[in-house]
Amino acid sequence: MAKDPFSWQPEILSGMTTGSIVKKLKEFVPAFELNSFIAKTGRYISSEDLTEEEYYPQATFSDVDEDFIWMACEELWKRLVPDRLPVELVAEQVDNLVEEIMKAGEKQRWNEVFRRSREALDLICRYTIEETPVSRRLRRDFYEKLRQATFSDFDSVIYALIRNLMEHEEYQRVIDITGTIGDGLGDDIFLDYKAESLFALGKKNEAENLYQDIIGRNPDDPWFLLHTGDCYVTNAEKDFTKGKNYYLEALSIAEKHRKRPDGKDELRAVYQRLIDLADDNGEHDEVSRYQHLLDSLDATKVGRNDPCPCGSGKKYKKCCGRDLTAELQPPPFDRRIMERDLLALSQHLEGKNFDSVEEMNTYIKETIKTDRIPQWIPVTPLEQAQNLIFEARETMGKKRRELAEQALRISPDCADAYVLLAEEKVKNPEEAVSLYETGVKAANVLWGRSSLSNGLVISGAC
């Protein structure tokens, strides 16, 4: 059987010594000098551009050896100038991190999703944002080349990375990143994230001024109006009147777009917000009116279990109706999950003898800093049930409820399970109240047991 023809691969060059690579490269580019090469990397951001402009014009090579030249330059750049990589190698690292994020998301390992998202953003910012004596500046040339060198949907992925930071309330970090990139690119989507983060930090005037600038530049776009309204409706200092005014202004624009391909999506988003706002304010007539408009808009909507209109033969929910972005989005970060780390740390400290509180605190800080906190090992049925609740708070949808119900089967005294079901499962306020009351009773029983076992008196619930 004939052997496959030889071809150079990056893996081959990574196994060669620097001297061997330079020696081979000189066979094709006799004038190649290593010190000159290092100096030239300072004038380029792309190893491909460097190779095409500096070495291929003076090179002689066979078809088999053509690829060796650019591979050699990329490998030498990686080895000799590691603190200032070319855009191709940065893109490769970003791609690898995004693949890890996707795999972690498929397994619903949301802590890893956040950690890797932060790593990817830090990497992108390290190479595309530079500090000047007076401000931070976007290296637009590098950013644009990185966008071209990496995955095709670069913009959507970086938006998702930013959203992950916001889910973990890292608003100042988001402001720094999106402000620099948004100003550098003239991109109002990034500035939209900045304005939302300003709202979240209570900087309402600065946020609204920024939104007014964005809306002024995009008078035919209802989404920025909707996002401004969302900030007034959802953040701590609520102003339902302003929120509604922004929604109604968005509605007037969306109505003009009704016949566009995405016109119904715009109307659907506006109607749903107006319904939710009216419902929160007890305006039942308004709820009915906008619900009627929404229902009429969706009268011909394809059902999730109907055949997909694209003709694939699959159900709509398994084909065009499948929202992959939503599937990979983590649930909002729940601070109650941090209790698991505290339990693990407490369990980890059992049996250790410290000479002083200061020594113990130093040990705890080092353990947290180096991320060496072991897993919490639940022992009692109640602890096993509580562990399922921690897992439930890192998931969404049906599985979240199933884990809570499983927890109650293991231990009916698991108060957090009742709370979670009250948040997720109920159909009316009365049912929610009943579940909350049952949870409080379960907690009181446990506190009572704890009091008796420790000789304490609990005078009230917190």
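**Student:** Sorry, what's going on with the overall build of the protein chain here?
**Tutor:** Scanning the protein chain for helices and strands turns up 23 helices and 2 strands. Evaluated residue by residue, the protein chain yields a buried proportion of 39% over its 462 residues. When contacts within the protein chain are restricted to residue pairs at least 6 apart in sequence, those whose partners lie at least 24 apart make up 55%.

**Student:** Where do I start with the packing of aromatic side chains in this structure?
**Tutor:** Tallied over the entire structure, the rule returns 15 aromatic pairs. Taking the centre distance of 5.2 Å and the plane angle of 65° together, the rings of Tyr159 and Phe190 count as edge-to-face. Taken together, the residues Tyr159 in helix H9 (residues 154-167) and Phe190 in helix H11 (residues 188-200) connect sequence positions 31 residues apart. According to the relative accessible area criterion, Phe190 is buried, its value standing at 0%. Between Tyr159 and Tyr193 the ring centres are 6.0 Å apart and the planes differ by 45°, which places this aromatic pair in the tilted class. Placement of Tyr159 in helix H9 and of Tyr193 in helix H11 is noted, with a sequence separation of 34 residues between them. Judged by its relative accessible area of 14%, Tyr159 is buried. The class for Tyr193 is buried, based on a relative accessible area of 14%. Through successive ring pairs, a cluster of aromatic residues spans Phe6, Trp8, Phe28 and Phe68. Geometry around Tyr290 places Arg289 over its ring, the cationic atom sitting 4.4 Å from the centre.

**Student:** Please explain a nonpolar patch on the surface as it appears in this structure.
**Tutor:** Among the surface-exposed residues, Phe6, Ile12 and Val64 lie close enough to one another that they form a single nonpolar patch of about 260 Å² accessible area. When you line up the elements, Val64 lands in the loop between helix H4 (47-54) and helix H5 (66-80).

**Student:** Explanation requested: the pattern of salt bridges in the structure shown.
**Tutor:** A side chain of one charge can pair with a side chain of the opposite charge if their charged atoms are brought near each other. Summed over all chains, the structure comprises 28 salt bridges. Of the charged contacts, one joins Glu100 and Arg116 as a salt bridge, the two residues approaching to 2.8 Å between their closest N and O atoms. Within this pair, whereas Glu100 is found in helix H6 (residues 87-106), its partner Arg116 is found in helix H7 (residues 110-128), the two being separated by 16 residues in sequence. Two residues, Glu196 and Arg163, come together in a salt bridge whose shortest N-O distance is 3.2 Å. Separated by 33 residues along the polypeptide, Glu196 in helix H11 and Arg163 in helix H9 bring together distant segments of the chain. Linked by salt bridges that have partners in common, Glu100, Arg115, Arg116 and Glu119 make up one network.

**Student:** What exactly am I supposed to notice about the nonpolar core here?
**Tutor:** General note: in soluble globular proteins, nonpolar side chains tend to be found buried as a group. Core analysis: the biggest nonpolar cluster contains 41 residues, and Val90, Tyr143, Leu146, Ile158, Ile181 and Phe190 have the highest contact counts within it. For this core, the secondary-structure elements that each account for two or more residues are H6, H7, helix H8 (140-149), H9, helix H10 (171-185) and H11. Not counting residues up to four positions away in its chain, the partners in contact with Leu146 are Val87, Val90, Ala91, Ile124, Thr128 and Phe154.

**Student:** Please clarify how unusual backbone geometry should be interpreted in this entry.
**Tutor:** Excluding glycine, residues mostly carry a negative phi; peptide bonds, for their part, are mostly trans. A positive phi is found at Gln108, a non-glycine position, where the angle reads about 60°. Mapping Gln108 onto the fold places it in the loop between H6 and H7. The class of Gln108 is partly exposed, set by a relative accessible area of 29%. Even without a glycine there, the phi angle at Glu169 is positive, about 60°. Looking at the secondary structure, you find Glu169 in the loop between H9 and H10. According to the relative accessible area criterion, Glu169 is partly exposed, its value standing at 41%.

**Student:** Got a minute to help me understand the environment of Leu13 in this structure?
**Tutor:** Checked against the element boundaries, Leu13 lands in helix H1 (residues 10-14). Under the relative-accessibility criterion, Leu13 is labelled buried at 1%. Residues Leu13 and Leu76, 63 residues apart in the sequence, show an inter-C-alpha distance of 9.5 Å. Beyond its immediate chain neighbours, meaning those up to four positions away, Leu13 contacts Trp8, Ile21, Phe68, Met71, Ala72, Glu75 and Arg79.

**Student:** Could you clarify how one ought to interpret the confidence of the model for the protein chain in this entry?
**Tutor:** The predicted structure's coordinates, where accompanied by low pLDDT, should not be read in detail. For the protein chain, per-residue confidence averages 83 on the pLDDT scale, and 82% of positions sit at 70 or higher. Mean pLDDT across the elements of the protein chain ranges from a minimum in helix H17 (residues 324-328), with 45, to a maximum in H11, with 96. When the criterion is pLDDT under 50, residues 323-328 qualifies, and its contacts beyond four places in sequence or with other chains add up to 7 contacts. Across residues 450-462, where pLDDT falls below 50, the model places 6 contacts with residues more than four positions away in sequence or in other chains.

**Student:** Help me out: how do you make sense of a negative patch on the surface in this one?
**Tutor:** A cluster of like negative charges, contributed by Glu48, Glu52, Glu53, Asp63, Glu66 and Asp67, occupies part of the molecular surface. Contributions of two or more residues to the negative patch are made by H4 and H5. At 3 residues, the largest contribution of residues to the negative patch is made by H4. Position of Glu66 relative to the elements: it lies in helix H5. Glu66 gets classed as partly exposed once you look at its relative accessible area, which sits at 35%.

**Student:** Looking at this structure, how should I read the side chain of Thr128?
**Tutor:** By secondary structure assignment, the location of Thr128 is in helix H7. Within the structure, the side chain of Thr128 is placed 2.7 Å from the backbone oxygen of Ile124, a separation counted as a polar contact. Setting aside chain neighbours within four positions, we find Thr128 in contact with Arg137, Leu138, Arg139, Phe142, Tyr143 and Leu146.

**Student:** What is the right way to read the environment of Leu210 from this model?
**Tutor:** Among the secondary structure elements, Leu210 is positioned in helix H12 (residues 204-217). Distance from Leu210 to Glu196, taken between C-alpha atoms, is 9.7 Å for residues 14 residues apart in sequence. Once residues lying within four places of it in the same chain are set aside, the contact partners of Leu210 are Leu191, Lys194, Ala195 and Leu198.

**Student:** Whenever I open this one, helix H14 (residues 240-256) confuses me. Can you help?
**Tutor:** Every α-helical turn comprises 3.6 residues, leaving residues that sit three or four positions apart pointing alike. Under the 1.5 Å per step criterion, the end-to-end length of H14 is 25 Å for 17 residues, consistent within 8% with the ideal 24 Å. Among all positions in H14, only Gly243, Tyr246, Tyr247, Ala250, Leu251, Ile253 and Ala254 are buried. Elements that come into contact with the buried residues of H14 comprise H12, helix H13 (222-234), helix H15 (263-280) and helix H16 (284-297).

Basis of the calculations
Residues numbered from 1 in each chain as written. Predicted model: local features only at pLDDT ≥ 70, side-chain atom pairs only at ≥ 80, totals over all residues. Heavy atoms only, no water. Helix = DSSP H or I, 4+ residues; strand = E, 2+ residues; numbered from the N terminus. Buried < 20%, exposed > 50% of the residue type's maximum accessible area, 1.4 Å probe, protein only. Contact = heavy atoms within 4.5 Å. Phe/Tyr/Trp six-rings, centres within 6.5 Å; stacked < 30°, edge-to-face > 60°. Lys NZ or Arg CZ within 6 Å of the ring centre and 35° of its normal. Patch = residues over 30% accessible without salt bridge, like charges linked within 9 Å, V, L, I, M, F, W, Y side chains within 5 Å. Areas by Shrake-Rupley, 256 points an atom, 1.4 Å probe, with all protein chains shown as cover. Salt bridge = Lys/Arg side-chain N within 4 Å of Asp/Glu carboxyl O. Core = buried A, V, L, I, M, F, W, Y, C linked by side-chain atoms within 4.5 Å. pLDDT = per-residue confidence, 0-100. Lys, Arg positive; Asp, Glu negative; His and termini not counted. Charge placed at Lys NZ, Arg CZ, Asp CG, Glu CD. Polar contact = N/O pair within 3.5 Å; in protein donor to acceptor, adjacent residues only side chain to side chain. Expected span 1.5 Å × (residues − 1).

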